[in-house]
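Each chain, letter by letter, is given below.
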Amino acid sequence: MPPESDKWGWKHVSVFGGFDKGSGTKRWKCNHCNLRYNGSYSRVRAHLLGFSGVGVKSCPAIDRSLREAFQILEEERLARRKKRISGSEKPGKRIRTSRPSGTCLSKEDVDDIVARFFYADGLNLIVVNSPYFREMTKAIASYGPRYEPPSIDELSDSFLSEEKGRVEKSVALVKESWTHTGCTILCVGRLESMLGCFNVNIFVSSPRGLVFVKAVYIDDTDGADNLFVGVLADVITEVGPGNVLQIISHLEQANQLFGSLILTKFPHLFWSPCTSHSVHRLMDEIVELDGIKSVVVCAKEIEQCMITYQHFAPSMFPQNLKGCPDQLALKFVPFFCVVQRIFELKQPLQEVVVSGEWKQFKLNTPEDIVNIEAAVLGDNFWSSAHLLLQLFEPFVRLLGSLDIDRFIMGDICNWRVQALDAVKSKGIDAVTLIQLEELIESRWDALFSPLHAAGYILNPRYFGKGQAKNKTVMRGWKATVERYEYESANRRILREQLSSYWRLEGSLGDEDAVDCRDKMDPVVWWENFGFETPHLQTLAIKVLSQVSSVTMCQEICQDNGSQYLETANRFGVEKMKDLVYVQNNLRINSQRNGMSYSPSGSRNVNSCSLSGAKTLDGACVDQPKVTASIQGKL
């Protein structure tokens, strides 16, 4: 028998004594969850490792990282036990095990079986990166060869209910913070290929974490716009209208319609565009300025022509035309990467178009490439390309200094100010600068929420940036105050307290407050130093606690239409609701714990016009097309 000191689990329970002298059966209480049980060490181990079937429940207070640490301790214990058994074995004597004769498999054999399971059942191979898959394989290996998996009825009933209960406990901890920090409702749209309709996933975001709420399936049915708005209004009511500061939607043409309907019911809310999407659109609109688009078109024509030439004479132009190490630039300004790469290859390109091989290539090419040759050899294209790179380089470079997908409110305003200042310092002609400034000014309010302006003013890191003299910023602040506070008296208080903030009055001007502006998290700064301006403190905490992009949700969403349809047909709509709710929140949990993995299936987050929505209550789920509202439970 192994010594009691080798059983790591006893350190995590409090023992009240054994029933019989010398007995392994004891009365004990878990130090993590305070549940009490009677039993031997095998029950302690099962409780801490999350095993079932031995008369104890899995400890609800142990998170995944701690359970993995316990699993390592258990594996080490088993290895030491195996070594002791091996060392005590006498020559000629066999140790009996529970494994039947002839069933010992090599790792290669097991790998073949796992791979065959994936192939036979059509599972996406990316699932092997799931932390839950790895956790499952370790648990099965630890249990041993006699493990029998749960039945399909158990998975869809008791186990699903238990997992939903654990998810709801986790969500409840997140909900506690909404009153203090406020929260953002995120709507992410995607075409559900198997169901033949558009799917909108609804999340709630706050500093404590992301929560999946429900999915709404929309088709081309009359009156469905109002049904979707009704579902969204129910979510706002369930979360708490006073807790919700804004709604960020990535539904493109439907934004304006849905936004106006929601704001009629909840006039204090902000309907905000996705910042990542807006940055992309702004860059696309800047490239339409006079003289810029033609440069991009010409650069792409040069690129395509040279790719064709590389097939004709591979050794004469070996350079990589598609090389772009800056993934952020490739995502938001792909045309910038094309022009930049062509500009870098100016000399090799000019050498190519005067070579003998190029003349032979022209004779064998049906397309007229005289214009391309002239552009490469002339000066106009290169000077225009240089201007474009100077114009966009500050915007691209400063994007790299920010976490674009997790912008803090106000960051985008600082990005605009810094980028324009950098462009002006490059000596670009006045006409182009005026065009650029006028375009950004005219499109800013349509592309970005006024909350950004409020964040730029209230973020202590940006204190003293001249916000009071910036028309765009002050216009956004005015819009924020007027929507946030219905009562004129409260609006007056906010404006007065903002003046106190700018004048460094009271605690806001303390030495520590000034010193910590760029050293503390903005929300923490207001919690510590804003107590003498409580109205402004509350607004600052709520504004600076919000995200401004839906990108974080897109990794969670997957195209699982066929799976949901099959679940609904076999087990009913309520089980499908539970499955969607549990599945998406488990993905969020793995992402929160740094164990995220790339989702399966393709995502389509392109613009799409939405015109229909129905709820599952009236849907016939055994039809090939399901139009439904699949709702989770907060």
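From a predicted model like this one, the values you see are computed outputs, not experimental measurements. Once a new chain begins, its residue numbering starts again from 1 and follows that chain's sequence as written. Selection of residues for local features in this predicted model requires a pLDDT of at least 70, selection of side-chain atom pairs for listing and counting requires 80 or more, and totals for whole chains, interfaces and linings are taken over all residues. Excluded from the side-chain calculations are hydrogens and water; all other atoms, namely the structure's heavy atoms, are used.

Novice: In this structure, what is going on with the packing of helix α6 (residues 158-175) against helix α28 (residues 573-592)? I would like to understand it.
Specialist: Geometry of a packed helix pair, given as the angle between the helix axes and the separation of the axes. Put simply, α6 and α28 touch, their axes get as near as 10 Å, and they point 50 degrees apart. Judged by the angle between their axes, α6 and α28 are oblique. The hand of the α6/α28 crossing is left-handed. Side by side, α6 and α28 meet where Leu 160, Ser 161, Glu 163, Lys 164, Val 167, Glu 168, Ser 170 and Val 171 of the first sit next to Lys 575, Asp 578, Leu 579, Tyr 581, Val 582, Asn 585, Leu 586 and Arg 592 of the second. The axes used here are C-alpha line fits, helices contributing only the stretch in contact, and every angle between their N-to-C directions lies in the interval 0 to 180 degrees. Runs of H or I in DSSP of at least four residues are treated as helices and runs of E of at least two as strands, each being numbered from the N terminus. Working rule for angles: under 35 degrees goes down as roughly parallel, over 145 as roughly antiparallel, 65 to 115 as roughly perpendicular, anything else as oblique. What makes a crossing left-handed is the near helix being turned counterclockwise from the far one by less than a right angle; a clockwise turn instead makes it right-handed. Here, residues are in contact when the closest pair of their heavy atoms is within 4.5 Å.

Novice: I would appreciate a short explanation of the nonpolar core in the present structure.
Specialist: Side chains of a nonpolar character, in soluble globular proteins, are inclined to be buried together. By size, the foremost hydrophobic cluster in this structure holds 95 residues, and its most contacted members are Phe 381, Phe 392 and Trp 526. For this core, the element with the highest residue contribution is helix α17 (residues 380-400), accounting for eleven residues. With sequence-adjacent residues up to four places away left out, Phe 381 is seen in contact with Val 295, Cys 298, Ala 299, Ile 302, Ile 342 and Ala 375. Working definition of a nonpolar core: buried Ala, Val, Leu, Ile, Met, Phe, Trp, Tyr and Cys residues. They are joined through side-chain atoms within 4.5 Å. Type-normalised accessible area, obtained with a 1.4 Å probe on protein chains alone, sets the label of each residue: buried when under 20%, exposed when over 50%, and partly exposed for intermediate values. Counting 50 residues, the second largest nonpolar core, distinct from the first, contains Ile 185, Val 211, Val 213 and Ile 262.

Novice: Got a minute to help me understand a nonpolar patch on the surface in this structure?
Specialist: Patch membership requires more than 30% relative accessible area and the absence of a salt bridge. Residues of like charge join within 9 Å; the nonpolar side chains Val, Leu, Ile, Met, Phe, Trp and Tyr join within 5 Å. In short, Shrake-Rupley with a 1.4 Å probe defines the accessible areas, and a residue's cover is counted only from the protein chains shown. When a carboxyl oxygen of Asp or Glu lies within 4 Å of a side-chain nitrogen of Lys or Arg, that pair is called a salt bridge. Nonpolar side chains collect at one region of the surface, where Leu 105, Val 110, Ile 113 and Val 114 lie side by side and expose about 310 Å² of accessible area between them. Positionally, Ile 113 belongs in helix α3 (residues 107-120). The class of Ile 113 is partly exposed, set by a relative accessible area of 46%.

Novice: I keep staring at the packing of aromatic side chains and nothing clicks. Help me out?
Specialist: Geometry of aromatic contacts follows a simple scheme: Phe, Tyr and Trp rings, the Trp one being its six-membered ring, pair when their centres are within 6.5 Å, and the pair is stacked under 30 degrees between planes, edge-to-face over 60, tilted otherwise. A full pass over the atoms with the stated rule returns 23 aromatic pairs. Look at Trp 28 and Tyr 37: their rings are 5.4 Å apart centre to centre, the planes differ by 45 degrees, and that puts the pair in the tilted class. Of the two residues, Trp 28 and Tyr 37, neither departs from the other in class, the shared state being buried. Consider the rings of Phe 463 and Tyr 501, whose centres lie 5.2 Å apart with planes at 80 degrees: the pair is edge-to-face. One end of the pair, Phe 463, is in the loop between α20 (451-458) and α21 (471-484); the other, Tyr 501, is in helix α22 (residues 488-502), with 38 residues separating them in the sequence. Taking the relative accessible area as the measure of exposure, Tyr 501 reaches 1% and is therefore buried. Ring pairing ties together the aromatic residues Phe 463, Tyr 501, Trp 525, Trp 526 and Phe 529, which thus form one cluster. Sitting over a ring, as applied to charges here, requires NZ of Lys or CZ of Arg to be within 6 Å of the ring centre and within 35 degrees of the ring normal. Above the face of the Trp 444 ring, Arg 416 is positioned so that its terminal group lies 4.8 Å from the ring centre. In this structure, Arg 517 is placed above the aromatic ring of Phe 463, and the distance from its NZ or CZ to the ring centre is 4.0 Å.

Novice: Looking at this structure, how should I read the confidence of the model for the chain?
Specialist: Atomic detail in the predicted coordinates should be set aside for any region of low pLDDT. Per residue, pLDDT captures the predictor's confidence, and it can take any value from 0 to 100. Looking at the chain as a whole, the pLDDT averages 80, with 80% of positions reaching at least 70. By mean pLDDT, the top-scoring element of the chain is helix α25 (residues 534-544) (97), and the lowest-scoring one is strand β9 (residues 629-631) (38). A low-confidence stretch, residues 598-634 (pLDDT under 50), is modelled with 125 contacts involving residues beyond four sequence positions or located in other chains.

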